[in-house]
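# Structural characterization, general
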Amino acid sequence: MWRRFAHLSLSISRTKLQSFEPTVLKLINTFSSDSGSDGVASSRKPFITFVLGGPGSGKGTQCERIASTFGFAHLSAGELLREEMSSHSENGELIRNVIKEGKIVPSAITISLIKKAIDSATSDKILIDGFPRSEENRMAFEKIIGVEPDLVIFFECPEEEMVKRILGRNQGRIDDNMETIRKRLKIFEDLNMPVVEHYSSKGKVHKITATGTVDEIFERVRQVFASLRWQVTVIIA
Ligand SMILES: Nc1ncnc2c1ncn2[C@@H]1O[C@H](COP(=O)(O)OP(=O)(O)O)[C@@H](O)[C@H]1O
Ligand SMILES: Nc1ccn([C@H]2C[C@H](O)[C@@H](COP(=O)(O)OP(=O)(O)O)O2)c(=O)n1
Ligand SMILES: [Mg+2]
């Protein structure tokens, strides 16, 4: 039903679409890229959101809320790597060493895990949490997967708050100790911020102030996703 309406809306209002912001246009194009003979989807490009922010900025916490409120599949790059590490696969030891050192796992490994997770996701709206962590991650994703994100959320949080949160996280992670945290913060500044700047220059980044309670932050996040839905709904009507 949704797909049929989305398809219909595009065919009657394409000339009016010029006035909408690029992200919304992208969302419309995503939802209307159906090719089935009855005009209803057969295979559609997923709507991809990258969720970035320093270690402990609250990416995972907010992704869970976005997923349950807006029906996104939540793929955490760090979680996929930790599962791979515990599965005793051939890359397990390498992943363990890199994570312990606060460094970035080679893109080929992470992207192959993300690709599998996208292929088996039950929603075509995907949140990729904690990826890309470097320009090399980003370029490899765009080359291998062949798409850019439709939207990038960036959680901005002071370092002392991130450190406090990580030290209180208590999930038994090998990288949640002060020595590794220092390295991760440096890697974040040196390698992850250029990714944020790249997508900012393309107008894709929604910066969210990540201080305050989980509810207060989610209210800021909710407005970003709700406005996307709302504008699509208006066009459909
Ligand atoms: N707004 C917040 N205020 C206080 N603690 C928070 C907040 N958001 C998340 N946390 C806690 O901080 C820790 C890090 O959050 P998490 O979502 O795992 O961040 P990230 O995925 O960015 O590392 C977790 O223990 C989480 O429960
Ligand atoms: N794209 C990624 C994502 C995570 N990793 C590694 C390095 C990161 O420090 C760890 C943990 O990532 P994770 O996103 O779970 O960490 P935070 O939620 O930011 O605390 O995994 C990576 O190498 N490449
Ligand atoms: Mg996380």
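The rules we used
Residues numbered from 1 in each chain as written. Chains lettered and ligands numbered in written order. Predicted model: local features only at pLDDT ≥ 70, side-chain atom pairs only at ≥ 80, totals over all residues. Heavy atoms only, no water. UniProt positions renumbered as here; feature names shortened; annotations may be inferred. Pairing = 2+ DSSP bridges. Helix = DSSP H or I, 4+ residues; strand = E, 2+ residues; numbered from the N terminus. Axes fitted to C-alpha atoms, helices over the stretch in contact; angles between N-to-C directions. Contact = heavy atoms within 4.5 Å. Phe/Tyr/Trp six-rings, centres within 6.5 Å; stacked < 30°, edge-to-face > 60°. Buried < 20%, exposed > 50% of the residue type's maximum accessible area, 1.4 Å probe, protein only. Lys NZ or Arg CZ within 6 Å of the ring centre and 35° of its normal. Near = heavy atom within 4 Å. Polar contact = N/O pair within 3.5 Å; in protein donor to acceptor, adjacent residues only side chain to side chain. Areas by Shrake-Rupley, 256 points an atom, 1.4 Å probe, with all protein chains shown as cover. Nonpolar A, V, L, I, M, F, W, Y, C, P; charged D, E, K, R; others polar.

- Going by an unreviewed UniProt entry, the protein chain carries the name UMP-CMP kinase and comes from Rhynchospora tenuis.
- UniProt lists a comment for the protein chain under the heading Function (unreviewed entry), and it reads "Catalyzes the phosphorylation of pyrimidine nucleoside monophosphates at the expense of ATP. Plays an important role in de novo pyrimidine nucleotide biosynthesis. Has preference for UMP and CMP as phosphate acceptors."
- As recorded by UniProt, the Sequence similarities (unreviewed entry) comment attached to the protein chain reads in full: "Belongs to the adenylate kinase family. UMP-CMP kinase subfamily."

## Digging into the sheet that holds strand β4 (residues 151-156)
- What the five strands build is an open sheet, ordered β2-β3-β1-β4-β5; its pairing is parallel. Both edges of this open sheet fall to β2 (73-76) and β5 (205-209), since each of them pairs with a single strand only. Neighbouring strand axes in the sheet, compared pairwise and without regard to direction, differ in orientation by 20 degrees on average.
- Relative to β5, β4 runs parallel, the two sharing five bridges. Paired with E156 across the strands is T209, a residue of β5.
- The strands touched by helix α9 (residues 178-201) within the sheet are β1 (47-53), β4 and β5, with β1 carrying the most contacts at an inclination of about 140 degrees.

## Brief notes about the packing of aromatic side chains
- Applying the stated criterion to the full structure yields seven aromatic pairs.
- On the numbers, 6.4 Å between centres and 70 degrees between planes, the contact of F47 with F72 is edge-to-face. Remark: F72 occurs in the loop between α3 (59-70) and β2 and F47 occurs in strand β1; sequence separation between them is 25 residues. Summarising the burial analysis for this pair, F47 and F72 share the class buried.
- Following the ring pairs from residue to residue traces out a cluster consisting of F47, F70, F72 and F225.
- Over the face of the ring belonging to Y199 we find R138, whose NZ or CZ atom lies 5.9 Å from the ring centre.

## Thoughts on the site of ligand 1
- Near ligand 1, the surroundings consist of 14 residues, among which G56, K59, T61, R169 and G212 are the closest.
- Interatomic distance of 3.0 Å between a backbone N/O atom of G58 and an oxygen atom of ligand 1.
- Separating a nitrogen atom of ligand 1 from a backbone N or O atom of G212 is a distance of 2.9 Å.
- Here ligand 1 loses 74% of its free accessible area of 560 Å² to cover by the protein chains.

## As for the site of ligand 2
- Taken together, 19 residues form the shell around ligand 2, and within it K59, R82, V105, R169 and R184 come nearest.
- A distance of 3.0 Å is found between an oxygen atom of ligand 2 and a side-chain nitrogen or oxygen belonging to R133.
- Taking R169, its side chain carries an N or O atom lying 2.9 Å from an oxygen atom of ligand 2.
- If ligand 2 stood free it would expose 520 Å²; the protein chains cover 96% of that surface.
- Examining the composition of the shell around ligand 2, we find that four residues originate from one element, helix α4 (residues 77-86), more than from any other.
- In terms of residue class, the shell around ligand 2 is made up of seven nonpolar, four polar and eight charged.

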